[in-house]
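A look at the structure
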Amino acid sequence: MFDWRWDFAWEILPRLIEATGNTLIAAGAGYLIAVVLGLVLALAQRTPLRPLTWIVREFVEFIRSTPLVLQIFFVFYVGPQFGIRLDPWTAGMIAIGLHYSAYLSEVYRGGLESVPKGQWEACTSLSMSMRQTYVRVIIPQALPPSVAGMGNYLVGIFKDTPMLSVIGVAELMHTANAIGSEHYRFLEPFTLVGLIFLAISLPSAGLIRLFENWVRRRIGID
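These notes cover the structure that comes with them. This structure is a prediction, so every number in the text was calculated from the model and none was measured.

Calculation notes
Residues numbered from 1 in each chain as written. Predicted model: local features only at pLDDT ≥ 70, side-chain atom pairs only at ≥ 80, totals over all residues. Heavy atoms only, no water. Axes fitted to C-alpha atoms, helices over the stretch in contact; angles between N-to-C directions. Helix = DSSP H or I, 4+ residues; strand = E, 2+ residues; numbered from the N terminus. Parallel < 35°, antiparallel > 145°, perpendicular 65-115°, else oblique. Left-handed = near helix turned anticlockwise from the far one by under 90°. Contact = heavy atoms within 4.5 Å. Nonpolar A, V, L, I, M, F, W, Y, C, P; charged D, E, K, R; others polar. Phe/Tyr/Trp six-rings, centres within 6.5 Å; stacked < 30°, edge-to-face > 60°. Buried < 20%, exposed > 50% of the residue type's maximum accessible area, 1.4 Å probe, protein only. Salt bridge = Lys/Arg side-chain N within 4 Å of Asp/Glu carboxyl O. 1 Å grid on protein atoms, 1.4 Å probe; cavity = no way out; pocket = protein on both sides within 12 Å on 5 of 7 lines; lining within 4 Å. Points joined across faces, edges and corners; volume = space filled by probe spheres on them.

**A word on the packing of helix α2 (residues 50-65) against helix α4 (residues 88-114)**
Between α2 and α4, the least distance of the axes is 9 Å, while the angle of their chain directions is 120 degrees. Classified by the angle between their axes, α2 and α4 sit oblique to one another. Read as a crossing pair, α2 and α4 show a hand that is left-handed. Every residue of α4 that contacts α2 at Phe59, Val60, Ile63 and Arg64 is listed here: Leu98, His99, Ala102, Tyr103, Ser105 and Glu106. In terms of residue class, the contact of α2 with α4 is built from 6 nonpolar, 2 polar and 2 charged.

**So, the packing of aromatic side chains**
For the structure shown, the criterion picks out 10 aromatic pairs. Arranged with centres 4.8 Å apart and planes meeting at 50 degrees, the rings of Phe158 and Phe197 form a pair that is tilted. Placement of the pair is Phe158 in helix α6 (residues 130-160) and Phe197 in helix α8 (residues 187-218), with a sequence separation of 39 residues. Using a relative accessible area of 5% as the deciding quantity, one classes Phe158 as buried. When the centroid spacing of 5.7 Å and the interplanar angle of 65 degrees are considered together, the rings of Phe186 and Phe190 count as edge-to-face.

**Describing the pattern of salt bridges**
Pairs can form between side chains of opposite charge whenever their charged atoms are close. One pass over the structure, following the stated rule, counts 8 salt bridges. Put simply, Arg5 and Asp7 hold a salt bridge, and the shortest N to O gap is 3.3 Å. Given the relative accessible area of 33%, Arg5 is considered partly exposed. With its nearest N and O atoms 3.2 Å apart, the salt bridge here joins Arg109 to Glu113. With a gap of 4 residues between them, Arg109 and Glu113 both fall in helix α4, about one helical turn apart. Linked through salt bridges whose partners overlap, the residues forming this network are Glu61, Arg64, Glu106, Arg109 and Glu113.

**Quick word on empty space enclosed by the protein**
Going through the model one piece at a time under the given rule, you end up with 1 cavity of 30 Å³ or more. Looking at the largest cavity, its volume works out to about 40 Å³. If you go around the largest cavity, the residues you meet are Leu39, Tyr108, Leu112, Ile139, Ala142, Leu143 and Ser146. Listed by contribution, the elements that provide at least two residues to the lining of the largest cavity are α4 and α6. With 4 residues, the single largest contributor to the lining of the largest cavity is α6.

Following this line, the structure appears as structure tokens:
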């Protein structure tokens, strides 16, 4: 039977709002790691060193083929077996960043491959170094087509932060579950969590589309 209590909902809302801040911090830090590491992985797959290219590609496929929750578990619980001891927050953000870096590397790869071949040939004819080629010519052209994919994965990271609860990170879902266990009421905390996720995810998706359209206009696609 539906038994919603508004007084209880208002009582627990401040705790959920505080947990929302923790969730946004975890998602933001994980995304920054993914953005940087994803670009590194994408560039590493384009080197003339075949062994390195093969290793990076297999690594990316391995990360993409295994669940995020399993990677979080291994970073936090298995890492100490190899002398890598991390607190739950650090382990969670690293695991999220590592996981999504594999997906962003594919987004970057698509952007890099969208750059016309003539641009690469022009850089070679001008005797530009590899660093100059990427920094001055290729990456500025490859990033705009990648904006949509990058934005989608930002929202995806935010929605995946509840998985950090497996290692005790006090994010939104972990807090809601704790509230439910304390008061033996799960309807209000879980419903509020769903509404909070919607309140953040939907506007974020809209802003990402606006930013993508702005970028497309800036580079003359539309």
